[in-house]
Amino acid sequence: MRWDRRRFVSVLGGASLAWPGALDALARDLASGGAPDDEAFWSFVRGQFLLPPDRIYLNNGTLGPSPRVVVDAVAEHARRVASTFPPGVAWDDVKAATAALVGGEPEGFVFPRNTTEAMSFVANGLDLRPGDEVVTTDHEHIGGLEPWKLATKRREARLIVASLPTPARDAGELADSVWRRVTPATRVVCVSHMTFTTGTLMPVSALARRCADAGIVLAVDGAHPPGMLGIDLAEVGGDFYASSPHKWLLAPQGTGLLYITRAWRERLWPTLASGGWDDLSLGAHRFNHMGTMDESRLAGLLAALEFMQAIGRDRVEARVRYLRDTLEQGLRAIPGVSVATPADEALKGAMVSFAIDGVESADLQRHLSRAADVRTRVIGEYGYGWMRLSTHVYNVPADVERVLELLASAARDGVPA
Ligand SMILES: Cc1ncc(COP(=O)(O)O)c(C=O)c1O
């Protein structure tokens, strides 16, 4: 079913809702322009956010700040619930709007709270047996990884950790480093679509083909690409795709996504059992039966998807790559900086990770925050010690220039411990 906001709004009695009107106005204002360096266009976009004017927020990879229209949609929905006029969830519309932005079949979408919950549904829902192997990598986030640690421990299966080259030179090298660990006992491969450590795009489609040929399940931790890159889940491939729209899709905190491909909608065991869990005619929707939940986040998700559509997927991707490129080129020009993100544009998106010789990233993080209210992420996991910076649609070139100045002086003079 095609997503049609006008129909959705009329179902809800939309005349009293403020956010659809605000989105219409936004869509008109954003109809033209939007080249990656069209600063008038992008400063208008920046004006749609509640970010304090002086904050340089470069940590979208952890949590995306919602634009005003999303916050309003959540508040309006919550107000309706509080006035005991619960509008409910227009499931068909949420699914259709999601499919319109990230591809896939609308009926395959489930909306848990985050990637962690989505991946838990997958890991707990498969019948792993003693001796089965689950292959993953040394660049996975706990959100995508721990569900497999739990499932393998409980089922006496084995978790196999492939080591990824860093920085990677090409997709073949990345695919081979995972595939080298596959054996006849492998039941599942679980990798990130884009690693949280270095922002490396993994060759998921190539792995999907190899897994399909070998009868292995591919579960993808897609916390980052939706909302950052113009993806189509049908092309990405794999069996399951878990994501967190509260990152790059700028949806409310606590909004997750799980895409279940057709072959699994009737086969995966539900982790949460509510009415209908065993009604196979419901397909993937069985997993949306979670008991009473915060429905306002789904109203916010709809507004966020609309906001992204108003800007346009291609314009978003081109802009976030443009900003990351400026940042990355600047970083590579600073003596003492080593970049852990691949050089090849095809292997990355809007995140870049690096280290400065002789400077602890945690000290650098504190220094940047004090000096110019810069928000960053330190990748302390696995002992890597990189700093990661993310660029999104609300960032402007002045953010990048200021941070590069601070990093150049940190590389030259050090930072207070
Ligand atoms: C690659 C990756 N997977 C999973 C997660 C966990 O996301 P959530 O906390 O939304 O479950 C993150 C969070 O940063 C991540 O970067």
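Structure shown above.
Definitions and limits used
Residues numbered from 1 in each chain as written. Predicted model: local features only at pLDDT ≥ 70, side-chain atom pairs only at ≥ 80, totals over all residues. Heavy atoms only, no water. Helix = DSSP H or I, 4+ residues; strand = E, 2+ residues; numbered from the N terminus. Rg over C-alpha atoms; globule rule 2.2 N^0.38 Å. Buried < 20%, exposed > 50% of the residue type's maximum accessible area, 1.4 Å probe, protein only. Contact = heavy atoms within 4.5 Å. Areas by Shrake-Rupley, 256 points an atom, 1.4 Å probe, with all protein chains shown as cover. Lys, Arg positive; Asp, Glu negative; His and termini not counted. Charge placed at Lys NZ, Arg CZ, Asp CG, Glu CD. Axes fitted to C-alpha atoms, helices over the stretch in contact; angles between N-to-C directions. Parallel < 35°, antiparallel > 145°, perpendicular 65-115°, else oblique. Left-handed = near helix turned anticlockwise from the far one by under 90°. Nonpolar A, V, L, I, M, F, W, Y, C, P; charged D, E, K, R; others polar. Polar contact = N/O pair within 3.5 Å; in protein donor to acceptor, adjacent residues only side chain to side chain. Near = heavy atom within 4 Å. Expected span 1.5 Å × (residues − 1). Pairing = 2+ DSSP bridges. Core = buried A, V, L, I, M, F, W, Y, C linked by side-chain atoms within 4.5 Å. Domains from an automatic or database assignment.

Novice: Which residues make up the overall build of the protein chain, and what values do they have?
Specialist: The helix and strand tally for the protein chain stands at 14 helices and 13 strands. In terms of C-alpha radius of gyration, the protein chain reaches 22 Å, essentially the compact-globule figure of 22 Å for 417 residues. With the C-alpha coordinates of the protein chain rotated into their principal frame, the extents come out at 65 × 60 × 35 Å. Counting all 417 residues of the protein chain, 57% fall into the buried class. The contacts of the protein chain with a sequence gap of at least 6 include a subset with a gap of at least 24, amounting to 71%. Of the accessible surface of the protein chain, which amounts to about 16,700 Å², a share of 52% is contributed by carbon and sulfur atoms. Charge separation in the protein chain, taken as the distance between the mean sites of 44 positive and 50 negative side-chain charges, equals 3 Å.

Novice: Can you break down the packing of helix 12 (residues 313-332) against helix 14 (residues 397-413) residue by residue, with the values?
Specialist: Two elements in contact, helix 12 and helix 14, have axes separated by 10 Å at closest approach and are oriented at 20°. In terms of their interaxial angle, helix 12 and helix 14 are classed as roughly parallel. For the pair helix 12 and helix 14, the crossing hand works out as right-handed. Across from Arg 319, Leu 323, Thr 326, Leu 327, Gly 330 and Leu 331 in helix 12, the residues of helix 14 making contact are Pro 397, Val 400, Leu 404 and Leu 407. Residues belonging to the contact of helix 12 with helix 14 are distributed by class as follows: seven nonpolar, two polar and one charged.

Novice: I'd like a description of helix 8 (residues 171-179), backed by residues and values.
Specialist: Of the positions making up helix 8, those classed as buried are Glu 173, Leu 174, Ala 175, Ser 177 and Val 178. If you follow the buried residues of helix 8, they end up packed against strand 3 (133-137), strand 4 (158-162), strand 5 (186-192) and helix 9 (204-214). Sitting at the amino-terminal end of helix 8 is Asp 170, which places a side-chain oxygen 3.1 Å from the backbone nitrogen of Gly 172.

Novice: Explain the site of the ligand to me, using residue names and the numbers behind them.
Specialist: Lining the immediate environment of the ligand, one finds 13 residues, of which Thr 116, Asp 221, His 224, Ser 244 and Lys 247 sit closest. Take Thr 115: an N or O atom from its main chain is 3.2 Å from an oxygen atom of the ligand. In the model, an oxygen atom of the ligand is placed 3.3 Å from a nitrogen or oxygen of the His 141 side chain. For the ligand, whose free accessible area comes to 400 Å², the fraction covered by protein is 88%. Split by residue class, the shell around the ligand holds two nonpolar, nine polar and two charged.

Novice: Could you give an account of helix 7 (residues 142-155), with specific residues and numbers?
Specialist: Compared with an ideal rise of 1.5 Å per residue, which puts 14 residues at 20 Å, helix 7 spans 19 Å between its outermost C-alpha atoms and is within 8% of the ideal. Within the span of helix 7, buried status applies to Gly 143, Gly 144, Leu 145, Pro 147, Trp 148, Ala 151 and Thr 152. Glu 156 sits one or two positions beyond helix 7 and adopts a positive phi of about 55°.

Novice: Requested: an account of the sheet that holds strand 10 (residues 351-356), with residues and values cited.
Specialist: Taken in spatial order, the four strands line up as 9-10-13-12 in an open sheet, and their pairing is antiparallel. At either margin of the open sheet sits one strand with a lone partner, and together these are strand 9 (337-339) and strand 12 (377-379). Averaged over all adjacent pairs, the angle separating strand axes in this sheet is 35°, with direction ignored. Across three bridges, strand 12 lies against strand 13 (residues 386-390) in antiparallel orientation.

Novice: Provide a residue-level description of the nonpolar core, including the pertinent values.
Specialist: By size, the foremost hydrophobic cluster in this structure holds 71 residues, and its most contacted members are Val 45, Val 189, Leu 218, Phe 307, Ile 311 and Val 393. Considering each element in turn, this core owes the most residues, 10 residues, to helix 11 (residues 296-311). Inspection of this core shows a minimum of three residues originating in each of domain 1 (91-303) and domain 2 (314-413). The contact partners of Ile 311, leaving out residues within four places of it in the chain, are Leu 30, Phe 41, Trp 42, Val 45, Val 316 and Val 393.

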